[in-house]
Every structure is written in structure tokens, then in C-alpha cells.
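Coordinate analysis (summary)
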Amino acid sequence: MYDGLSAFVAVLEREGELVRIRREVDPYLEIAEIADRTMKAGGPALLFERPKAPRGLERAGAAFPLLINAFGSRRRMSLALGVDDLEEHARAIAELVHSKAPGSARELAEMARKLPALSHAVPRKASRAPCQEIVLEGDAVDLESLPVMTTWPKDGGPFFTLPNVITRDPDTGARNIGMYRMQRIDRRTTAMHWQIHKTGARHFRRAKELGERLQVAVAFGGDPALTYAATAPLPDGIDEWMFAGFLRGRSVEHVRCKTVDLEVPACADFVLEGYVDPSEPLFDEGPFGDHTGYYTPVEGFPRFHVTCVTHRKGAIYPSTLVGPPPMEDAWLGKATERLFLPLLRMMFPEVVDMNLPIEGAFHNLAIVSIKKQYPFHAARVAHGLWGAGQMSFTKVVCVVDDDVDVQNTAEVAWRLLANLDPKRDVSMVDGPVDQLDHGASQALWGGKMAIDGTKKWPEEGYKRDWPEVCAQSDAVKARVDAMWSELGIPLGAAARSPKVEAELARRAAAPAAHADGNREMFDRIAPTYDRVNRVMSLGIDRRWRARAVEMLRPALTARARPRVLDLCAGTLDLAALIEETFPEAHVVACDASEKMLALGRGKVRRVECVAGDALALPFEAGAFDAVVCGFGVRNLADLRRGLREVRRVLAPGGSFVTLELFRPRRATSRLVHGAGLRYALPVLGATLAKDREAYEYLAESMEGFVTREAYERMLEEEGFGAVDGVDLTLGMASLVRARARAGEEAAQ
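The present account deals with the structure reproduced in this document. (Residues numbered from 1 in each chain as written. Predicted model: local features only at pLDDT ≥ 70, side-chain atom pairs only at ≥ 80, totals over all residues. Heavy atoms only, no water.)

1. Focus: the environment of E30
- Mapped onto the secondary structure, E30 falls in helix α2 (residues 30–40).
- For E30 and W152, which are 122 residues apart along the polypeptide, the C-alpha to C-alpha distance reads 9.6 Å.
- Polar side-chain contacts of E30 include one of 3.0 Å to the backbone nitrogen of D26. (Helix = DSSP H or I, 4+ residues; strand = E, 2+ residues; numbered from the N terminus. Polar contact = N/O pair within 3.5 Å; in protein donor to acceptor, adjacent residues only side chain to side chain.)

What follows is the structure, encoded as C-alpha cells:
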């Protein structure tokens, strides 16, 4: 996994998920406003390389870059936890919790296969400690040297917002890591905002009863799995580092602090060591613009006295912004929703899915679908959730039937409101609420509501016939699917057949699995690929490739020894033409299928062939003066990610030429396109390649692709400029050329 934030930053940059901000920006409100706009637009992680320092500390403050929005999308949250998608961890947890005692040698072997993953969960002592490469004690401690953000105009001061606060139970010695905001008071002191329900607050209360100081260490950065684990709603007594070790597939290595008797992650970027003294008066902490979108008021919290600061060389300071949603923390919450669903199902096997909407700040609203099995089942589930850990703070629980997609809030609103009799289906109770909840008439206690949106049974007092949901027959849907391309109705993605939509959704959800399937498919058809292609295109594709090569000319003739990448190179027809037209160019051909490359090697002389994934190209940033892709981008599991990779490997100003079979606009083209894809291509595949299934897959891939106009807009959104295109042969194919903008230009 990641040895420090710099390693995570490198991955985000490689994946096109990060923008570097090189100009000086003030941590007082300015960075927050930039981050807010970026988060709400679904933008990238931001690395501020020159946060402005307080007056008199210009050199010290500029020493540490600030990273924000690193968790701000499902993709980045998945990267932070080392998987292609969060559901991979959810499946692993589900397998683990549903393990049963082995009843055969095969089951014993299967259980043994899982043991290495569990062994990674145990923290262990580190042999080296990057987090202590620099040690500052006594007068050298200066929290003002860190670029701590003030995020909203009425905030009480600058706040540390991504701390991993480490304490031990004064009685048992059990470790706890929580995330509690910390207002910077002065050079050596912060407030410690551990809410009354949190484990850190319980440790503090017990230390007060014992009349002793509570030692505290605060880690920042390191492996991002550590930061997520600090936010996870683990039961009291379950070690957060064990959970992080399970997620990262590697034990969390720790090292003893310099001035307190606690351990901290060896890979952390920064560590603050110190203590909280329960005998001191509380500090009036706040106000603070919180994740509810409102300011939380001034309230008394303990002071944290810092005795030592350690950090690694080249440390990066992590921060986040909370406020009116959506914000970066939405995806930390969504990760919890997906990863803890298997554990929720252990208590409630009838639960199908759960959605904690971002707008509900994760404790205001829970939408749950269930497989209803008896009368008033929904009420039992709602009351059960109110007794389950941090779910006890949920203000509103909506329960719907298992055929409702709870992730589709429009469908939930339709089904819930249609089924609802407010007098019968809404129930109210009193219970604990989150300490930050301002809606309740008094702190910590307020009303809760359960809404039963399920189909009602006679045993529940419903004496009428419950109506069915309107749905078209599969036979009619199939007939309309077959004729759709001839109708000329420009509805874009919404008009794709359900089969194609399902395929595209599957790719997006599991890009690695799609890439493997795609590679296997092309390996299968490789021996007959050229023959089927010639028959299908009647030789027109050769003229199309010649036009693509001519589009490269301005970029390649401007340099003495240009480097050009043929992406998704297949059997090297395009690479051979580039080599022939530009003999001085260094041509690199990259394709996921080694068999396709091997079959095409006889067509070229000097072309360098590289097997590689288009979503993670094995080339340095800025390695090429031009990239060309012929009939390949439509097969990518994640088109935007593929475009970001192209931009990464292109030098600033480099040219990107795409030759592709986009979704046509003209009626004639749509007719030919639909007939060719649905009928001719699979028949040719069956006849010439003896593999109808592979060519049906290829046809679905092409049918589900975007229009040229949508592709051009996507290029501009992903950092390309000077985008222009031209249709070829009745609009059956198109050429699109774009220029890679420089990093700062692309961020504008």
C-alpha cells in the first residue's frame, strides 16, 4: 500500500486524479473556497504546493504542501483503500463474516486461503520510523508552522480537520484512534473536540476520575487507510489499526513516541505528542462550520498540550473542508455505508441494501430495503437500527421493499410516497441524537421518525387489493430494442438497450474485471481479426487510418525525433502506417492483448511493442509528442480515466488523435450502423472466426459508445484544448484531434 501521503499523491497524479496548485494561496479562507468549488463540481484532489504562511513565518509555512479533496470521489476513495472499487472490500468482509466451520478438506483449504489476509490485520513494531526523521521538542514546537486552514468566515480560528487522535483506556490500556477536530489555540496548544459519545471522551472522563493526565498522540497522513479507519464506526474495543491492516493488506507498523507512552504509525507524515489535563478549565472552542452545513456553537472542550512534533522529510499536510454538502467527507461516509453493510446484514439478514444520503449528513436519514417476511417487519428493522451502534443517532429511517433501488432517490421518493398513509406508516419515538444536531429542542436528545414504505399486508390492516407496479413485457422490450437504431430518436445514453446499459454499468463497477474480459476476448479473436475487419469494412478503414496519420503530421514534423504512441494498437496496422510515413519517429505500440501485438509484428520493422493497460499506461509523464488511438477508446471500462492517462503521457502541447466509430447522428448512418452491429458483425464473427459470442460483445461495446460531440466535450473537461473533429464516410467513423494543455492551463 502507501508509505506516506507522497506515495498516494503519486498514484492520484498517475491516475489523472490530482491537480497541483503552484501559486501561493492563503489557508485563511482562500484554500477553502477553492476546495469548496472543486468538491461541489466533482473535481480532482488538490495539492497546494505553496500555502501562504503567517506573517513572520514565511519560510517555515511554505515548507509543507497541503493536500485536500484526496478522498473526494468514489474512484479516489477506492484508490485510497487499494481497490478498484469499494465493493471489493465489502465482498471480502461479507465472506469473512459468513465463514463457517469447515466440514470438508476443500472447505478447510478455502478457509486457509483467507488466513494470510487476516494475518495482515495484526499491527507490528516498525524497524524504521519515517515519521520521526525530524524531531522538534520544547521551544522548537510551533503549530503555526503548519498550514492549518480556517475554512469559514465565522470559525473561531484555524482547525486541524483530519487528525488521527490516539489514546489508551486508563484501565485496560486498549488503544483507540478517533477523528476529532482540533482548533489551534497557540504555538503549542489546541482544543480537543471529542464529542460526549466518543471513545476519546470516555478515556478523558476516566482519567479525570483517576486524577491523572491523559496522554495523547495525533498522527496526520501516512497510508490513507489509516485516516479512513479513524472515521469508521467500529465497536468500542476493536482496534482501528487492525481494521486498517485488513483493508491495506499489510500490517500497520508502529513506533513508540518520543515524549509519551503511546505508539504512532511509522508511515505518518506528521505526529503531535502531548497530553490533556482534566483538572484544567475547558477552552471555549468554536464556532466551526461543520459537516451539517451549519456553524456549531461555542462549547467547552479540553486543551491538548503539545510536547513534541515529529515529521518525515518531504511531509505533506492533509486537510479537508466540511460544510454544506456535498463535500469530500461524503465519500468517507459512503465507504462506511458500503463496507459496513455486510456487518449490518449479520444482525438483520433481511436487509438488502442501505443508502445514507449525502444530503442527510449520514445521521439524519437512512433508506433501507428489506425482504419483508412478516407483518410490521419494517418497524422492527427501524427500531433495531436505532439500537445498533452509531445508527442510534439516525433521525429518520425509511424502509422500502427489496425491489426498490435505494441508491436511486427518485425511485425511492416515488415508491415511498405512493405507498404511504402518513397516519398508518409514520411512527415517532424519542432517543439520543448526535451532539452536533441543532434541530432537537435540547442537546443530545430528540425525536426520531420511522416511515414504512413497504407493501402492506392484510395482517397489517390493509383490506384492499394492493396494485402492481406498471412494467412492460420482456417480449415487447426485445422488439423495441431491435428497431431502436432505426427510429432516429436522439435520447443519448437513456436510449441504449437494457442489455447494453447493463454491460456498461458492469464495466464501470468493476474495471479490472472488464479489462481482463476484454483482453481475453481480443486474444480469442486475434488470429482472424484482420480477415473479419477487411470483410466488414470493405477496405474503407485503410483510408480512415491514412487520414488519422495525416492529422498527426503537424505534431510530428515539428520535432527532429518525435515519439508517438499507438494506443490500443491491435495488430499494428496503424503503427505500420505511421512508421512508413514518418521514418524518423520513434513509434511505440501499446495494447492489452499480447497475442494481437504478436500477430502484427510482421507488419513493422522498428516499432516498439509494449503490452499494457490503457487505464494505467506503463510510461512516464510527458513521454510522447503525439498519441493516436484507432478504434480502441470505445472498449475502455472507464473512458474518462483513459483520457486522463493519455493526457498524462502526452507532453504539454502534444497532439491526441482519435479514430473511432462513435454513435452516429444521421438517420442513414444510424440505419447502417445498427444493422452492421446487430446482425452483420456477429454473423461474420460466427462464419469467419467461429466465435459469435465475442463479436456480439464487440457489437454491444460499439453500440453503447458516446456520440462524437459528447466525446469532444469530455476531452475538454479532461484537460485537452483545440478540439476539432470530422466525420468520415456518411458519418460511420470520425476523427477527433485535441491538444494536451499544460497542467495549470488544464486546471483553469
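2. Quick word on the pairing of strand β32 (residues 733–740)
- When you tally the buried positions in β32, you get six out of eight residues, the bulk of the element.
- Relative to β32, strand β30 (residues 650–660) runs antiparallel, the two being bridged by six bridges. The residue bridging V657 from the neighbouring strand is R737, located in β32.
- Across seven bridges, strand β31 (residues 720–728) lies against β32 in antiparallel orientation. Paired with D724 across the two strands is R737, which belongs to β32. (Buried < 20%, exposed > 50% of the residue type's maximum accessible area, 1.4 Å probe, protein only. Pairing = 2+ DSSP bridges.)

3. Regarding the nonpolar core
- M77, Y228, F243 and L339 are the most contacted members of the largest nonpolar core, which totals 51 residues.
- Counting residues in each nonpolar core, the second largest holds 41 residues, with A32, Y180, M182 and A315 among its members. (Core = buried A, V, L, I, M, F, W, Y, C linked by side-chain atoms within 4.5 Å.)

4. What to know about the sheet that holds strand β21 (residues 351–355)
- Pairing is mixed in the open sheet, where five strands are placed in the order β21-β22-β23-β25-β24. In this open sheet, the two strands that pair with only one neighbour each are β21 and β24 (426–432). Direction aside, neighbouring strands of the sheet carry axes that sit 20° apart on average.
- Across six bridges, strand β22 (residues 365–370) lies against strand β23 (residues 396–401) in parallel orientation. Bridge pairing in β23 places S369 opposite V400.
- Packed on one face of the sheet, helix α12 (residues 377–385) meets β22, β23, β24 and β25 (445–452) and runs near 135° to β22. (Axes fitted to C-alpha atoms, helices over the stretch in contact; angles between N-to-C directions. Contact = heavy atoms within 4.5 Å.)

5. Some words on the state of the cysteines
- Applying the stated criterion across every chain yields a total of zero disulfides.
- Unpaired in terms of disulfides, C308 finds its nearest cysteine sulfur in C257, a separation of 8.0 Å.
- Cysteine C609 shares no disulfide, and the gap to the nearest cysteine sulfur, in C590, comes to 9.8 Å.
- What makes C609 buried here is its relative accessible area of 19%. (Disulfide = S-S within 2.5 Å.)

6. Some points on the sheet that holds strand β12 (residues 253–256)
- Spatially, the three strands line up as an open sheet ordered β4-β12-β13, and their pairing is mixed. Strands with a single pairing partner mark the edges of an open sheet, and in this sheet they are β4 (124–125) and β13 (263–265).
- Bridging between β12 and β13 involves three bridges; their strand directions are antiparallel. Paired with V255 across the strands is V264, a residue of β13.

7. A closer look at unusual backbone geometry
- In this model, G286 is joined to P287 through a cis peptide bond whose omega is -5°.
- Assignment of secondary structure puts P287 in the loop between β15 (283–285) and β16 (288–289).
- The omega angle of the peptide bond from P325 to P326 is 5°, so this bond is cis rather than trans.
- When you line up the elements, P326 lands in the loop between β20 (317–318) and α10 (329–339).
- For L29, which is not a glycine, the phi torsion comes out positive at approximately 75°.
- Assignment of secondary structure puts L29 in the loop between β1 (18–25) and α2.
- In this structure L29 comes out as partly exposed when scored by relative accessible area, which is 23%.
- We note that L444 has phi near 75°; this positive angle belongs to a residue other than glycine.
- Assignment of secondary structure puts L444 in the loop between β24 and β25.

8. With respect to the packing of helix α21 (residues 639–649) against helix α24 (residues 708–717)
- Closest axis-to-axis distance for the α21/α24 pair is 10 Å, and the angle between their directions is 55°. On the basis of the axis angle, α21 is oblique to α24. α24 is crossed by α21, and the crossing has right-handed handedness. Where α21 abuts α24, its residues L639, R640 and L643 lie against Y711, M714, L715 and E717.
- The residue makeup of the contact of α21 with α24, split by class, is five nonpolar, no polar and two charged. (Parallel < 35°, antiparallel > 145°, perpendicular 65-115°, else oblique. Left-handed = near helix turned anticlockwise from the far one by under 90°. Nonpolar A, V, L, I, M, F, W, Y, C, P; charged D, E, K, R; others polar.)

9. Describing the side chain of T296
- With respect to the element layout, T296 can be found in strand β17 (residues 295–296).
- Judged by its relative accessible area of 6%, T296 falls in the buried class.
- At a separation of 3.2 Å, a polar atom in the side chain of T296 contacts the side chain of R181.
- Filtering out sequence-adjacent residues up to four positions away, T296 remains in contact with R181, P287, F288, D290 and L436.

10. A short note on helix α9 (residues 240–248)
- The buried count for α9 comes to eight of nine residues, which makes it a mostly enclosed element.
- Looking at α9, one finds that the buried residues are E240, W241, F243, A244, G245, F246, L247 and R248.
- G249 sits one or two positions beyond α9 and adopts a positive phi of about 70°.

11. Here's the deal with the side chain of T336
- Its location among the elements puts T336 in helix α10.
- Its relative accessible area of 14% is what places T336 among the buried residues.
- Every residue in contact with T336, bar those within four places of it in the chain, is listed here: Y228, A232, P233 and L341.

12. Describing the pattern of salt bridges
- Evaluated as defined, the whole model comprises 51 salt bridges.
- The partner of D223 in a salt bridge is R248, with the nearest N and O atoms 2.9 Å apart. Placement of the pair is D223 in the loop between β11 (214–220) and α8 (224–231) and R248 in helix α9, with a sequence separation of 25 residues. Judged on exposure class, the residue D223 and its partner R248 are both buried.
- R415 is paired through a salt bridge with D403; the nearest N and O atoms lie 3.0 Å apart. One end of the pair, R415, is in helix α13 (residues 409–419); the other, D403, is in the loop between β23 and α13, and twelve residues separate them in sequence.
- Judged by its relative accessible area of 10%, R415 is buried. (Salt bridge = Lys/Arg side-chain N within 4 Å of Asp/Glu carboxyl O.)

13. A closer look at the packing of aromatic side chains
- Under the definition given, this model contains 16 aromatic pairs.
- Look at F159 and F288: their rings are 4.5 Å apart centre to centre, the planes differ by 45°, and that puts the pair in the tilted class. Within this pair, whereas F159 is found in strand β6 (residues 159–160), its partner F288 is found in strand β16, the two being separated by 129 residues in sequence. Accessibility assignment for this pair places F159 and F288 in one class, buried.
- A centroid spacing of 6.0 Å and a plane angle of 80° characterise the contact between Y180 and W194, whose relative ring orientation is edge-to-face. Of the two residues, Y180 is situated in the loop between β8 (175–178) and β9 (182–186) and W194 in the loop between β10 (189–191) and α7 (199–210); the sequence distance between them amounts to 14 residues. Considered together, Y180 and W194 belong to a single accessibility category, that of buried residues.
- One aromatic cluster is present, built from ring pairs that chain together F64, F160, F220, F270 and Y317.
- Positioned over the ring face of W414 is R415, at 5.6 Å from the centre of the ring. (Phe/Tyr/Trp six-rings, centres within 6.5 Å; stacked < 30°, edge-to-face > 60°. Lys NZ or Arg CZ within 6 Å of the ring centre and 35° of its normal.)

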